[in-house]
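# A structural walkthrough
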Amino acid sequence: MTNKIAITVARGDGIGPEIMDSTLQILEGAGAALDIEEIRVGKDVYESGVKSGIPEDAWASLRRTKVFLKAPITTPQGGGYKSLNVTIRKTLGLFANVRPCISYAPYVETKHPNMDIVIVRENEEDLYGGIEYRESPEVMASIKLISRPGTERIVRYGFEFAKAYGRKKVTCMTKDNIMKLTDGLFHKIFDEIGKEYPEIEQNHMIIDIGAAKVASAPHLFDVIVMPNLYGDIVSDIAAEITGSVGLGGSSNIGEHVAMFEAIHGSAPDIAGRGIANPSGLLLGSVMMLVHIGQGEVAARIHNAWLRTLEDGIHTGDIYRKDLSREQVDTAGFTKAVLARLGQMPEKFKPANYNGVNAGGLEIPHLTPYRDEKKERVGVDIGMNFDGTPEMLAEKILPCAGDDLQLLHISNRGVKVWPNGQPDTFCSDNWQLRFMSKSGTVRTSQVIALMDRLNKADMNFTRAIMLHTFDGVPGFSATQGE
Ligand code: NAD
């Protein structure tokens, strides 16, 4: 008898309790060896005044069991409530979001019958730091952060996942033709780490054409690894075109803790009616079983579930007169899966998790940081100003000096002085780039420059030091430069 593994379970909101009941019944019926601790998260907790949606004592359970099976929750609108998923991901360092997006044609209607993709999305960085500023009356800015260790972890996870599950190809998607430093780093690390997995086919696509291809020809893809925002968008597109959001499970993997759930939300429109499709959460729980080393039980459930679909026993969201045999509610679907435990699908490829050690996927040590010579060579200063580029330059030029020269002025990333184009639209937020004539700048010179700007009544909004690393600029060139 397998030793019981402790897991934490939250029943969630809306249809959450209904689909969790179904999932737990099937887990028990299939012989999963689990010791379940329940915690409360979501709507009630938010409404009791806890802005994060998760009470303090729940963290202790998550840290103890390290495995979380979570039903969807309802995030109240407004009122400063924080997304529970984002809080859990960030607090527990769940760096990888894994979403298999598979079509089940002909039993579930889809335009893409041969789709079998796994999206591995970076979960913590990119624009999801939520670091934003209002820089002027007219302009808002958001900071996109991509780190070398964060990227190494997700890219390695993508390749290790592909290896463990016998997948043949990993595709990386970025927009590094525009974001040469941030997305450029992601792409570069993908190429570097990819060399360690020569047995896996690999390619890179620009995200716009990549997303379009996922929508029009998903059979071209196998595993896709992406930064956070692109992964968020593309995984929803991919889940949608499989035919039903009700069918997708997902995992959020950290070095110590992992969370498993359905990809859909709490579906308040059908809550309490007992008609929800429990498949998304059930498939999330299958991923959980593989993660905790109970692959045999995972396969038993997965195969019974595939067989139920093939037998045409469908909940309302996927029911089709011409293909389904019987429309069932949540309880009916649960009973049908339980009755098929031990049976194999006849049309779909049977699931087999023998030898897959998903929980033990090795994330090899990160590459040690190679010392590079970092030199400060200039400063970008942000400034609000109403007027033309020439008027601004006239006010700024007398403040230059002391080895710092005004290289150019830009507006919304476009150079507008010197020699700007008269058609370029200028907002009220400007950037001044000062570079050292001699090669390097001291902090005191920058502070003195800002003092001169201040005395000239030119109030700056921010200053960012410009560095080179082994002589390579650590800052973007300006359009038109
Ligand atoms: P949703 O996924 O809950 O519902 C979208 C549509 O799909 C609805 O028509 C719904 O009835 C249907 N649907 C979803 N799951 C289904 C299932 N299992 N069976 C049958 N039909 C199903 O998305 P939404 O309406 O945008 O969001 C509702 C709430 O869920 C919001 O409060 C949102 O914040 C929350 N949410 C939570 C999570 C999570 O906890 N991981 C994820 C997404 C949304």
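Structure first, text after, so check above.
Reference entry: report on the structure contained in this document. (Residues numbered from 1 in each chain as written. Predicted model: local features only at pLDDT ≥ 70, side-chain atom pairs only at ≥ 80, totals over all residues. Heavy atoms only, no water.)

Ring pairs (aromatic) are described by centroid distance and by the angle formed between their planes. Within the structure shown, the criterion is met by 9 aromatic pairs. Summarising the aromatic geometry, the rings of Tyr 104 and Trp 305 are spaced 5.0 Å apart at their centres and angled 85° between planes, so their arrangement reads as edge-to-face. On the criterion of sequence distance, the pair formed by Tyr 104 in the loop between strand 4 (96-102) and strand 5 (116-122) and Trp 305 in helix 10 (residues 295-310) is long-range, its members being 201 residues apart. Judged by its relative accessible area of 6%, Tyr 104 is buried. Among the residues examined, Trp 305 registers a relative accessible area of 0% and is labelled buried. Consider the rings of Phe 161 and Tyr 165, whose centres lie 4.3 Å apart with planes at 25°: the pair is stacked. Residue classification places Phe 161 among the buried positions, given a relative accessible area of 6%. Through successive ring pairs, a cluster of aromatic residues spans Phe 95, Tyr 157, Phe 161 and Tyr 165. The ring of Tyr 128 carries Arg 121 above its face, with NZ or CZ at 5.4 Å from the centroid. (Phe/Tyr/Trp six-rings, centres within 6.5 Å; stacked < 30°, edge-to-face > 60°. Helix = DSSP H or I, 4+ residues; strand = E, 2+ residues; numbered from the N terminus. Buried < 20%, exposed > 50% of the residue type's maximum accessible area, 1.4 Å probe, protein only. Lys NZ or Arg CZ within 6 Å of the ring centre and 35° of its normal.)

Gaps left between atoms show up when a probe the size of a water molecule is rolled over them. Under the defined criterion, the tally for this structure stands at 1 cavity of 30 Å³ or more. In this model, the largest cavity occupies a volume close to 30 Å³. Lining the largest cavity, in full, are Val 86, Arg 89, Lys 90, Asn 123, Tyr 128 and Asn 228. At 3 residues, the largest contribution of residues to the lining of the largest cavity is made by helix 4 (residues 84-91). (1 Å grid on protein atoms, 1.4 Å probe; cavity = no way out; pocket = protein on both sides within 12 Å on 5 of 7 lines; lining within 4 Å. Points joined across faces, edges and corners; volume = space filled by probe spheres on them.)

With that out of the way, let us pick up helix 9 (residues 279-291). Relative to the 18 Å expected for 13 residues at 1.5 Å per residue, helix 9 spans 18 Å between its end C-alpha atoms, a close match to the ideal helical length. Burial analysis of helix 9 places 13 of its 13 residues in the buried class, which makes it a mostly covered element. Looking at the residues trailing helix 9, positive phi occurs at Gly 293, about 85°. (Expected span 1.5 Å × (residues − 1).)

Another aspect to go through is the site of the ligand. As a structural note, the neighbourhood of the ligand is formed by 19 residues, with Ile 73, Gly 265, Ala 267, Asp 269 and Asn 277 the closest of them. In this structure, a nitrogen atom belonging to the ligand sits 3.2 Å away from a side-chain N or O atom of His 264. Take Gly 265: an N or O atom from its main chain is 2.7 Å from an oxygen atom of the ligand. Of the residues contributing to the shell around the ligand, the split by class is 8 nonpolar, 7 polar and 4 charged. (Near = heavy atom within 4 Å. Polar contact = N/O pair within 3.5 Å; in protein donor to acceptor, adjacent residues only side chain to side chain. Nonpolar A, V, L, I, M, F, W, Y, C, P; charged D, E, K, R; others polar.)

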